[in-house]
Amino acid sequence: MANRHLVALVAGLGLAALGLAGAIAFGTAAPPAELSAISAPFRSVDFSDAPPVERLPADPATPIAFRRWGPPDAAEVVVLLHGSTASSLSLHPLAKALA
């Protein structure tokens, strides 16, 4: 009985590995179309004056990246967080206006 379970487990793992290998080799669904309602407004933004990315060594393996629009010794600070699909540059017009 235990032998049957072991064979079934190995067969199941083998099929799962084949499925994963197939997904890697042949790809999955095509990427979604661009959401122009989100990206179009940024096509006319001048990003040439965007501040460089700085890093805060919170954890050596994964430092926190951020941009500072105002002076480093500013008495007031506003923290802006972008969504998971965005970049810190998507906040450039707002951060520039706030600074």
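Residues numbered from 1 in each chain as written. Predicted model: local features only at pLDDT ≥ 70, side-chain atom pairs only at ≥ 80, totals over all residues. Heavy atoms only, no water.

**Q** How do you make sense of the layout of surface pockets when you look at a structure like this?
**A** It is a probe the size of a water molecule, rolled over the atoms, that shows where empty space is left. A volume near 800 Å³ is recorded for the largest pocket. Along its surface, the largest pocket is lined by 24 residues, and Arg 67, Arg 68, Trp 69, Val 78 and Val 79 are the ones closest to its centre. If you list the elements that add at least two residues to the lining of the largest pocket, you get β2 (64-66) and α3 (92-98). A total of three residues in the lining of the largest pocket trace back to one element, the largest contributor, which is β2. Residues that form the lining of the largest pocket fall into these classes: 17 nonpolar, four polar and three charged. Quantified by volume, the second largest pocket comes out at close to 180 Å³. Of the residues that constitute the lining of the second largest pocket, the class distribution is five nonpolar, three polar and no charged. (1 Å grid on protein atoms, 1.4 Å probe; cavity = no way out; pocket = protein on both sides within 12 Å on 5 of 7 lines; lining within 4 Å. Points joined across faces, edges and corners; volume = space filled by probe spheres on them. Helix = DSSP H or I, 4+ residues; strand = E, 2+ residues; numbered from the N terminus. Nonpolar A, V, L, I, M, F, W, Y, C, P; charged D, E, K, R; others polar.)

**Q** Explanation requested: the side chain of Arg 67 in the structure shown.
**A** Locating Arg 67 in the fold gives a position in the loop between β2 and α3. One buried charged side chain, Arg 67, makes no salt bridge at all; its nearest oppositely charged neighbour is Glu 54, positioned 9.1 Å away. A distance of 2.5 Å separates a polar side-chain atom of Arg 67 from the backbone oxygen of Pro 51. A polar atom in the side chain of Arg 67 sits 2.5 Å from the side chain of Ser 88. (Buried < 20%, exposed > 50% of the residue type's maximum accessible area, 1.4 Å probe, protein only. Lys, Arg positive; Asp, Glu negative; His and termini not counted. Salt bridge = Lys/Arg side-chain N within 4 Å of Asp/Glu carboxyl O. Polar contact = N/O pair within 3.5 Å; in protein donor to acceptor, adjacent residues only side chain to side chain.)

**Q** In this structure, what is going on with the pattern of salt bridges? I would like to understand it.
**A** Pairing between side chains of opposite charge can happen when their charged atoms approach one another. Within this structure, the stated rule accounts for three salt bridges. Between Lys 96 and Asp 49 there is a salt bridge, with the nearest N and O atoms lying 2.6 Å from each other. Taken as a pair, Lys 96 in helix α3 and Asp 49 in the loop between α2 (36-39) and β1 (54-56) lie far apart in primary sequence, 47 residues in all. The class for Asp 49 is partly exposed, based on a relative accessible area of 39%. Notably, a salt bridge pairs Arg 68 with Glu 54, separated by 3.1 Å at the nearest N-O pair. Placement of Arg 68 in the loop between β2 and α3 and of Glu 54 in strand β1 is noted, with a sequence separation of 14 residues between them. Given a relative accessible area of 28%, Glu 54 falls into the partly exposed group.

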